[in-house]
Amino acid sequence: MNPNIGIFNILTSVSFGYGSLNNLNSILETNGFHNVLIVTDKGIRNAGIIDQVSKKIENADITIYDGTLPNPTVANCEEAYELFKQQNIDVVIGVGGGSPLDVAKAVALLATNGGAITDYEGIGKFKENLSPLIAIPTTAGTASEVTNFTVITDEARKYKLTVGGLNLAAKWAILDPTLTLGLPPSITAATGLDALVHAIESYTSKAANDITKALAREAMRKIGKYLRIAVYNGEDRTAREEMLMGSLLAGLAFNNTRLGNCHAMSHPISAVYGVAHGVANAVIIPYVMKYNSFAAPELFTDIANDLGVNIEGLSLFESARAAADAVRELAIDIGLPTDFRLFGVEEEKVKELTVDAMLSGNILVNPRVTKANDIEELYIKTIRGDY
Ligand SMILES: NC(=O)c1ccc[n+]([C@@H]2O[C@H](COP(=O)([O-])OP(=O)(O)OC[C@H]3O[C@@H](n4cnc5c(N)ncnc54)[C@H](O)[C@@H]3O)[C@@H](O)[C@H]2O)c1
Ligand SMILES: [Fe+2]
């Protein structure tokens, strides 16, 4: 991606708001879909969400794959794709957080391109458009419902691979905040912080443009205002709606800019130590913001403003640094960790983690030029809690 050229794409038709799940049946009927595969996980099923979704489907046979793991695997994609073939499916519906949505995308890709998901690692490595795909998020976090990426863990390599491409998109996304009302506080916290990191990394990305910046800023304002409320008063309908919109706006932004050092570093941590995506990002982001604040102080000052920090009387670099402090405070307030001490992340592994982090395209758009030794130092700080 040439960071000097502004780009903005969206290939997904989005319906948003309380009650938007009612649109599901008309999408199926208008397009003549009669054989659906729902890709989800056991947590979503146990929360009764698959029943809620199935009730909206009036005239189609439903097959369910609920084996998706958090940090979903190559094996998850193969199992779900097997069901797709056996049942002669005509539309895939991903229901869940980023994990089921990413497996659903992988199935829709394999359905038209064949092979294994590992064959398509990288950007634009597949030829055929995806088979029809509807994405229904149940977390306000990844925005996988509108992004052109799927992130899958290759267990053999202990590596989170990204498959991307302009056409790797759901054709329809239905964002009904009703489905997030029962999201437990710890998952609300981790996924919501992930959405905030998307907005922050997109806003400060070297590939940002006026469209993506406007989306990212509005996302930061909403998430800064409503994440604590969503965590501690999950039934607050406004907070849930604003968080889902914040996550969507952040997704539309980062889908066109990529992210930064935080996501480059969090993927290897999740792949090797199984740390949930949002939790890994929550730990890393303040360290990365502090590191980046020297390179783009105006942008970080904007973030401080959007998060409601009083920056009066502060110098430019102090206010930029205040943005990092504000995100750290938010993470602490909602019960997220501030270092990797509890997760068994070993300093001896840092060189290995760094090799994988440096493979990420996100490093190239990070606002401060970053070399391997910078990432090593950042990892060490996150392990020791040396903020
Ligand atoms: N494709 C992309 O653009 C993109 C972007 C960012 C992250 N990701 C990927 O997304 C994955 C993380 O997704 P996530 O953070 O949404 O978590 P997740 O999908 O792994 O879900 C976490 C847990 O929350 C539970 N859950 C979800 N919604 C619920 C609800 N409404 N009620 C009760 N329980 C619920 C699930 O059962 C699961 O146990 C990671 O693999 C990450 O790499 C993808
Ligand atoms: Fe993320």
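Worth saying up front: this structure is predicted, and the values here are computed from it rather than measured.

## Brief notes about the packing of helix α6 (residues 185-204) against helix α7 (residues 210-232)
The N-to-C vectors of α6 and α7 enclose an angle of 160 degrees; their axes lie 9 Å apart at closest approach. In terms of orientation, α6 lies roughly antiparallel with respect to α7. The element α6 and its partner α7 pack so that their crossing is left-handed. Where α6 abuts α7, its residues P185, T188, A189, G192, L193, A195, L196, A199, I200, S202 and Y203 lie against T212, K213, A216, R217, A219, M220, I223, L227, A230 and V231. Considered class by class, the residues forming the contact of α6 with α7 number 15 nonpolar, 4 polar and 2 charged.

## Some words on a nonpolar patch on the surface
A grouping of F294, L316 and F317 is seen on the molecular surface, where their side chains present a nonpolar patch of about 300 Å² in accessible area. Summarising the element assignment, F294 is placed in the loop between α10 (277-293) and α11 (297-306).

## Description of the coordination of the iron ion (ligand 2)
Six octahedral donors around a metal ideally subtend angles of 90 or 180 degrees, whereas four tetrahedral donors ideally subtend 109.5 degrees. The protein atoms that coordinate the iron ion (ligand 2) are D194 (OD), H198 (NE2), H263 (NE2) and H277 (NE2), at distances of 2.1 to 2.2 Å. Mapping the donors of the iron ion (ligand 2) onto the primary sequence yields the spacing D-x3-H-x64-H-x13-H. Taken together, the residues H198 in helix α6 and H277 in helix α10 connect sequence positions 79 residues apart. Like H198, the residue H277 is buried in the burial classification.

## Focus on the environment of F84
Assignment of secondary structure puts F84 in helix α4 (residues 74-86). The contacts of F84, once residues within four sequence positions are left out, are L37, I89, V92, V107, A111 and S131.

## What about the site of ligand 1?
As a structural note, the neighbourhood of ligand 1 is formed by 30 residues, with D41, G98, S99, T138 and T147 the closest of them. With respect to ligand 1, the side chain of K160 contributes an N or O atom lying 2.9 Å from an oxygen atom. When isolated, ligand 1 has an accessible area of 870 Å², and the protein chains bury 90% of it. Listed by contribution, the elements that provide at least two residues to the shell around ligand 1 are α2 (42-46), α5 (98-113), β7 (149-154) and α6.

## What about the sheet that holds strand β8 (residues 159-164)?
Ordered in space as β5-β8-β7, the 3 strands form an open sheet in which the pairing is mixed. Strand pairing shows two members of the sheet lacking a second neighbour, β5 (122-123) and β7, which therefore form its edges. In terms of strand pairing, β7 meets β8 through 6 bridges, oriented antiparallel. Looking at the pairing, V151 lines up with T162 of β8. This element, α5, spans β7 and β8 of the sheet and lies at about 100 degrees to β7.

## Side note on the nonpolar core
Residues L193, L196, M289, I303 and L336 are the most contacted members of the largest nonpolar core, which totals 73 residues. With 10 residues, α10 is the largest single contributor of residues to this core. Counting residues domain by domain, this core receives three or more from each of domain 1 (13-180) and domain 2 (185-384). Contact partners of I303, with chain neighbours within four places excluded, come to I200, Y203, T204, M220, M289 and A323. Counting residues in hydrophobic clusters, the runner-up holds 31 residues, among them V39, I89, L133 and L168.

## Digging into the environment of T118
Mapping T118 onto the fold places it in the loop between α5 and β5. The spatial distance from the C-alpha of T118 to the C-alpha of D154 is 7.8 Å, given a sequence separation of 36 residues. Those residues in contact with T118 that sit more than four places away from it in its chain are V74, D154 and L161.

## Thoughts on helix α9 (residues 261-273)
Between its first and last C-alpha, α9 extends 18 Å over 13 residues, near the 18 Å set by a 1.5 Å rise per residue. For α9, a buried count of 11 out of 13 residues is recorded, marking the element as mostly surrounded by other parts of the structure. Those residues of α9 not exposed but buried are N261, C262, H263, A264, M265, S266, H267, P268, I269, S270 and A271. Immediately beyond the C-terminal end of α9, within one or two residues, lies G274, with a positive phi of roughly 70 degrees.

## What to know about the domain arrangement of the protein
Assigned domains within the protein: domain 1 (13-180) and domain 2 (185-384). Computed over C-alpha atoms only, the centres of domain 1 and domain 2 are separated by 26 Å. Of the residues lining the interface, 24 residues belong to domain 1; the matching set on domain 2 comes to 28 residues. Here domain 1 meets domain 2 over a buried area of about 2,400 Å², counting both sides, of which 63% is carbon and sulfur. Our count for the contact surface shared by domain 1 and domain 2 stands at 0 salt bridges. Secondary structure elements with two or more residues in the side of domain 1 that touches domain 2: β1 (13-16), β7 and β8.

Cut-off values and rules
Residues numbered from 1 in each chain as written. Chains lettered and ligands numbered in written order. Predicted model: local features only at pLDDT ≥ 70, side-chain atom pairs only at ≥ 80, totals over all residues. Heavy atoms only, no water. Axes fitted to C-alpha atoms, helices over the stretch in contact; angles between N-to-C directions. Helix = DSSP H or I, 4+ residues; strand = E, 2+ residues; numbered from the N terminus. Parallel < 35°, antiparallel > 145°, perpendicular 65-115°, else oblique. Left-handed = near helix turned anticlockwise from the far one by under 90°. Contact = heavy atoms within 4.5 Å. Nonpolar A, V, L, I, M, F, W, Y, C, P; charged D, E, K, R; others polar. Patch = residues over 30% accessible without salt bridge, like charges linked within 9 Å, V, L, I, M, F, W, Y side chains within 5 Å. Areas by Shrake-Rupley, 256 points an atom, 1.4 Å probe, with all protein chains shown as cover. Salt bridge = Lys/Arg side-chain N within 4 Å of Asp/Glu carboxyl O. Donors = N, O, S within 2.8 Å, 3.2 Å for Na, K, Ca; no water. Buried < 20%, exposed > 50% of the residue type's maximum accessible area, 1.4 Å probe, protein only. Near = heavy atom within 4 Å. Polar contact = N/O pair within 3.5 Å; in protein donor to acceptor, adjacent residues only side chain to side chain. Pairing = 2+ DSSP bridges. Core = buried A, V, L, I, M, F, W, Y, C linked by side-chain atoms within 4.5 Å. Domains from an automatic or database assignment. Expected span 1.5 Å × (residues − 1). Buried area = accessible area lost by both parts, 1.4 Å probe.

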